[in-house]
Amino acid sequence: MASETAQEATRRRRFLETLHHVPKSMSELMSSYSGVPKDEQITHITKLRNEAYAQFPYPCMGTFRFLDLDLTRHEAYKEHVLDALRQPAVPGKPEPLFLDCGCCLGQEVRKLAADGALPHRLWASDIEPRFIELGFELFRDADKLPRDHFLCPGDVLTDTTDASVDQLNLLDDRVTILNISAVFHLFDLDEHKRIANRCLRLLRKDTGSPVLVFGGHAGSHQVNRHLRGDNGRYRYLHNGESWEALWREVCDQPQWKDKVVALKVKSKLFGRVRSEDPNADEVITLCEPAPADDSRLWQMFEVWVTFKSDS
């Protein structure tokens, strides 16, 4: 038998033909929120995954990684995200607004809705309109979530302020809870600065209290800049110190220096282990990182920004 080529080995790692088991949290979401019976979930998910992967051959699609609900694993989820989005509006107080930036199939927004977040407070964005369409097909919820809250294109690297060119502009100065996961690690440091700046533009400025940017991405014990695949582009992975330094540098830029009065940056590194158990509750399990191993680290973060009340 001919030996496996490097390209074939990469494809094998990035594409799993068969889904043996739907992780528990996603299975419960599909059952209770989407009304997909458990005995139909594997077929339903695999069909839509294959369609998505044919157009967008990303590892998160090929390996069913999108079935993990990362939002609920974040330390900020219950207290700072879900509780805020479930609370009734208070007269005279700004109402919270959540944005999932780079939402893929919108699985995190669906989990929030299923957990009781008020739907009119939930927004999502992506650069690929087909992801938005496939998300509605996957979760069968066109009657539950407002489709116009799924903004596309929503590109954090577009500098325009014209909402007809990029729909993220519709939410400038309105977002109080911004989730941005698996985005920064795709790009180099200069682009990180542009993305952080775009996040600041989105955040609401008149709350009188801190507003939140949070999420997760690939990280490193030591700052790590390396070529991403064979496309000649670099990506930059942060440790805790460089991640905080990025935000402090951006907030110190002239357009923000006199508007940001407080900044708190938290982050933590986790190891990532792919489960070999077909009945596991997660595709990827987070664990304590090995001190000398920079491979497959995941950095969860919270960035709390307080603006001057008159900004």
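All figures in this text were calculated on a predicted structure; none of them were measured in a lab. (Residues numbered from 1 in each chain as written. Predicted model: local features only at pLDDT ≥ 70, side-chain atom pairs only at ≥ 80, totals over all residues. Heavy atoms only, no water.)

K.L.:
Outline the layout of surface pockets, listing residues and values.
P.N.:
Looking at the second largest pocket, its volume works out to about 430 Å³. As for the second largest pocket, its lining consists of 19 residues, and the residues nearest its centre are Ala84, Lys93, Pro94, Pro96 and Ser209. Residues belonging to the lining of the second largest pocket are distributed by class as follows: 11 nonpolar, five polar and three charged. (1 Å grid on protein atoms, 1.4 Å probe; cavity = no way out; pocket = protein on both sides within 12 Å on 5 of 7 lines; lining within 4 Å. Points joined across faces, edges and corners; volume = space filled by probe spheres on them. Nonpolar A, V, L, I, M, F, W, Y, C, P; charged D, E, K, R; others polar.)

K.L.:
Describe the environment of Gly106, naming the residues involved and giving the relevant values.
P.N.:
With respect to the secondary-structure elements, Gly106 resides in the loop between strand S1 (98-101) and helix H7 (107-114). Looking at Gly106, the relative accessible area reads 0%, which means it is buried. As for Gly106 and Ala124, which are separated by 18 residues in sequence, their C-alpha atoms are 7.0 Å apart. (Helix = DSSP H or I, 4+ residues; strand = E, 2+ residues; numbered from the N terminus. Buried < 20%, exposed > 50% of the residue type's maximum accessible area, 1.4 Å probe, protein only.)

K.L.:
Go over the pattern of salt bridges with me, naming the residues and quoting the values.
P.N.:
Considering all chains together, one arrives at 22 salt bridges under this definition. Between Glu282 and Arg73 there is a salt bridge, with the nearest N and O atoms lying 3.0 Å from each other. Of the two residues, Glu282 sits in the loop between strand S8 (260-274) and strand S9 (284-287) while Arg73 sits in helix H5 (residues 70-73), which places them 209 residues apart along the sequence. Between Arg110 and Asp141 there is a salt bridge whose closest N-O contact spans 2.7 Å. With Arg110 in helix H7 and Asp141 in the loop between helix H8 (129-139) and strand S3 (150-151), the pair connects residues that are 31 residues apart, well separated along the chain. For the pair Arg110 and Asp141, one class covers both residues: buried. Connected through salt bridges with shared partners, the residues Arg65, Asp68, Asp70, Arg73 and Glu282 form a single ionic network. (Salt bridge = Lys/Arg side-chain N within 4 Å of Asp/Glu carboxyl O.)

K.L.:
Tell me what's going on with empty space enclosed by the protein, and back it up with residues and numbers.
P.N.:
For the structure on display, the rule yields one cavity of 30 Å³ or more. In this structure, the largest cavity spans a volume of roughly 60 Å³. Around the largest cavity sit Asp70, Leu71, His74, Asn179, Ser181, Phe214, Gly215, Gly216, Trp298 and Met300, which together line it. With three residues, the single largest contributor to the lining of the largest cavity is strand S5 (residues 211-218). Looking at the lining of the largest cavity residue by residue, the class counts come to four nonpolar, five polar and one charged.

K.L.:
So what's going on with unusual backbone geometry? Which residues, and what values?
P.N.:
Between Cys152 and Pro153 the backbone carries a cis peptide bond, its omega angle lying at 0°. Note that Pro153 resides in the loop between S3 and strand S4 (177-180).

K.L.:
Before we move on, could you go through the packing of helix H2 (residues 24-32) against helix H3 (residues 38-55) and cite the residues and values that matter?
P.N.:
Packing of H2 against H3 brings their axes to within 10 Å, and their N-to-C directions diverge by 105°. Our classification of the angle between H2 and H3 gives roughly perpendicular. Where H2 abuts H3, its residues Ser27, Met30 and Ser31 lie against Lys38, Gln41, His44 and Ile45. When its residues are assigned to classes, the contact of H2 with H3 shows two nonpolar, four polar and one charged. (Axes fitted to C-alpha atoms, helices over the stretch in contact; angles between N-to-C directions. Parallel < 35°, antiparallel > 145°, perpendicular 65-115°, else oblique. Contact = heavy atoms within 4.5 Å.)

Keep in mind these values describe shape, not function.
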